[in-house]
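An overview of the molecular structure
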Amino acid sequence: MKKDLIISGYGNVAKELVKLLSEKEEMLKNTYDLEIKVCGIIGSKGMIAQDEGIQLEALLNYGNGSDALLQYAVDMHIPLQQANINGDILVECSPTNIVNGEPGKTYIIDALSQGMDVIAVSKGALVTSFEEVMELANQHGAKLKYSGATAAALPTLDIGEYSLAGSTITSIVGILNGTSNYILSSMAEEQLSFKQALKNAQEKGIAEANADMDVKGFDSACKILLLANRFLGTKLALRDIKISGINEIAIEHLSVAQAEGKKLKLIAQAALHEGKAIVQVKPIMLSKEHPLFHVDGTNKGIVFETKEMGAICVTGGASHPRAAAAAALKDLINAVCLR
Ligand SMILES: NC(=O)c1ccc[n+]([C@@H]2O[C@H](COP(=O)([O-])OP(=O)(O)OC[C@H]3O[C@@H](n4cnc5c(N)ncnc54)[C@H](OP(=O)(O)O)[C@@H]3O)[C@@H](O)[C@H]2O)c1
Ligand SMILES: N[C@@H](CCO)C(=O)O
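You'll find the protein entered in an unreviewed UniProt entry as Homoserine dehydrogenase, with Peribacillus faecalis given as the organism. What UniProt states about the protein under its Sequence similarities (unreviewed entry) heading is, verbatim, "Belongs to the homoserine dehydrogenase family."

Written out as structure tokens, the structure is:
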């Protein structure tokens, strides 16, 4: 099977995806009979496009962002052109914008309207306009997958959709933001200042372009919103979620938790109580019996409570651009080859 791929947003995650596609070309062919040709990559300053496929190894010699695309265009003697989404699959990796979903929303709508499958790594379009994009996908028989937007390397959507199919999920509790979890762990275990720990997270490439999204709880809120709407039958918007982050947490707060044998974690939770959804994000002290107690550093974790299968807990899936790219590749393989 041959598939033409377009990528929008060529930052940390997209560059790792290009690396993975280059490294795993043979495995994809041998294991899945899948030949992926990256035909276009869009940055804020324009798009590089080649019908015969972009030379991934050559592109990887440059950095990321539009400057890398521009340099590639110059060296390959091709023009940098206006965004033109035309292929089989779009992987959307532009910055997350929770106000209006742009620029990802336009790219996603453009792709779905042509019947292209979409792998969303950014969250903005899904959080602001989920029903609109889903309806478009259904209308055009296109697949929309968004593991990258729902904690990426930590399987969340796949567990709910596949492993818990037919069960009734009654609540979801998660540590869904690697940056905040890393900051809290670093402050508690290494006595790093909040500022230094955030700087480290930014250097790892896991913080959002606007790190307030992470530390003020919005990124966790986006993820629990998408999961609650998918699995609890809610139709919530971000304004329906009570959100507080870790931006005012000091080392003293963490010491108090430690003295009690507990850990302070940024917890996102969604539950149904008498038909009403309660969804919130806030720092909570966990005792060592809690299944998420040992989720430290950039790791994440999720607990689904179900009526039939009891509690299902998954931990790990540390935030990292390569891990997020691998989650996008997983979605791509599943969309095209498996289901
Ligand atoms: N990093 C992670 O570990 C991770 C994990 C899961 C999900 N995500 C999500 O994945 C997305 C990308 O994350 P990232 O870490 O790769 O971010 P990033 O490094 O900031 O990359 C985003 C890229 O988008 C480009 N861009 C900006 N405006 C654009 C526009 N109008 N059209 C096309 N491209 C545009 C930027 O480059 P130019 O302006 O130079 O073109 C930038 O390099 C985000 O939405 C994030 O929430 C990230
Ligand atoms: N900024 C996020 C990655 C994107 O979902 C995190 O720290 O987990």
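Moving on, there is more to tell.
Taken together, Lys-123, Asn-177, Gly-178, Thr-179, Ile-206, Glu-208, Asp-214, Asp-219, Lys-223 and Ser-319 are the residues near ligand 2. Contact between ligand 2 and Ser-319: an oxygen atom at 2.7 Å from a side-chain N or O atom of the residue. Protein chains shield 87% of the accessible area of ligand 2, which is 260 Å² for the free molecule. In a pocket analysis with a 2 Å cut-off to the grid points, ligand 2 is assigned to the largest pocket.

Okay, the sheet that holds strand 5 (residues 117-120) next. Strand order in the open sheet formed by six strands is 3-2-1-4-5-6, with mixed pairing between adjacent strands. The open sheet has two edge strands with one neighbour each: strand 3 (46-49) and strand 6 (144-145). Examined bridge by bridge, strand 1 (residues 2-8) and strand 2 (residues 35-43) share seven bridges and lie parallel to one another. Paired with Asp-4 across the bridge in strand 2 is Lys-37.

All told, the structure shown has one cavity of 30 Å³ or more when counted by the stated rule. Each pocket or cavity is described by its volume, and for the largest cavity that value is around 30 Å³. Around the largest cavity, the lining residues are Phe-130, Tyr-146, Leu-226, Asn-229 and Arg-230. Tallying contributions element by element places helix 11 (residues 218-231) first for the lining of the largest cavity, with three residues. Across the lining of the largest cavity, the residue classes break down as three nonpolar, one polar and one charged.

The next point concerns the sheet that holds strand 7 (residues 169-175). By definition, the strands of a sheet pair up through backbone hydrogen bonds, in either a parallel or an antiparallel sense. Strand order across the open sheet formed by six strands is 8-10-9-7-11-12, with mixed pairing between neighbours. Where the open sheet ends on each side, the last strands, each with one partner, are strand 8 (242-243) and strand 12 (310-316). Across four bridges, the pairing between strand 7 and strand 9 (residues 263-273) is antiparallel. Looking at strand 9, one finds that Val-173 is bridged to Gln-269.

With respect to the helices and strands, Lys-223 occurs in helix 11. A polar side-chain atom of Lys-223 sits 2.8 Å from the main-chain carbonyl oxygen of Leu-176. Side chain to side chain, Lys-223 and Asp-219 meet in a polar contact 2.6 Å long. Excluding anything up to four places from it in sequence, Lys-223 contacts Lys-123, Ala-149, Thr-150, Ala-151, Leu-176 and Asn-177.

Here we come to helix 6 (residues 124-139). End to end, helix 6 covers 21 Å across 16 residues, agreeing with the expected 22 Å (1.5 Å per residue, within 8%). In the structure, helix 6 departs most strongly from a straight axis at Phe-130, where the bend amounts to approximately 95°. Among all positions in helix 6, only Gly-124, Ala-125, Leu-126, Val-127, Ser-129, Val-133, Leu-136 and Ala-137 are buried. Tucked inside the fold, the buried residues of helix 6 contact helix 5 (104-113), strand 5, strand 6 and helix 11. Of the residues trailing helix 6, Gly-141 is marked for its positive phi of about 60°.

With that settled, consider the confidence of the model for the protein. Confidence in the prediction of the protein, expressed as mean pLDDT, is 97, and 100% of residues score 70 or more. Taken over the whole predicted complex, pTM reads 0.97, whereas the ipTM for its chain interfaces reads 0.99.

Cut-offs applied
- Residues numbered from 1 in each chain as written.
- Chains lettered and ligands numbered in written order.
- Predicted model: local features only at pLDDT ≥ 70, side-chain atom pairs only at ≥ 80, totals over all residues.
- Heavy atoms only, no water.
- UniProt positions renumbered as here; feature names shortened; annotations may be inferred.
- Near = heavy atom within 4 Å.
- Polar contact = N/O pair within 3.5 Å; in protein donor to acceptor, adjacent residues only side chain to side chain.
- Areas by Shrake-Rupley, 256 points an atom, 1.4 Å probe, with all protein chains shown as cover.
- 1 Å grid on protein atoms, 1.4 Å probe; cavity = no way out; pocket = protein on both sides within 12 Å on 5 of 7 lines; lining within 4 Å.
- Sits in = over half its atoms within 2 Å of the grid points.
- Pairing = 2+ DSSP bridges.
- Helix = DSSP H or I, 4+ residues; strand = E, 2+ residues; numbered from the N terminus.
- Points joined across faces, edges and corners; volume = space filled by probe spheres on them.
- Nonpolar A, V, L, I, M, F, W, Y, C, P; charged D, E, K, R; others polar.
- Contact = heavy atoms within 4.5 Å.
- Expected span 1.5 Å × (residues − 1).
- Bend = angle between axes of the 7 residues up to and from the residue.
- Buried < 20%, exposed > 50% of the residue type's maximum accessible area, 1.4 Å probe, protein only.
- pLDDT = per-residue confidence, 0-100.

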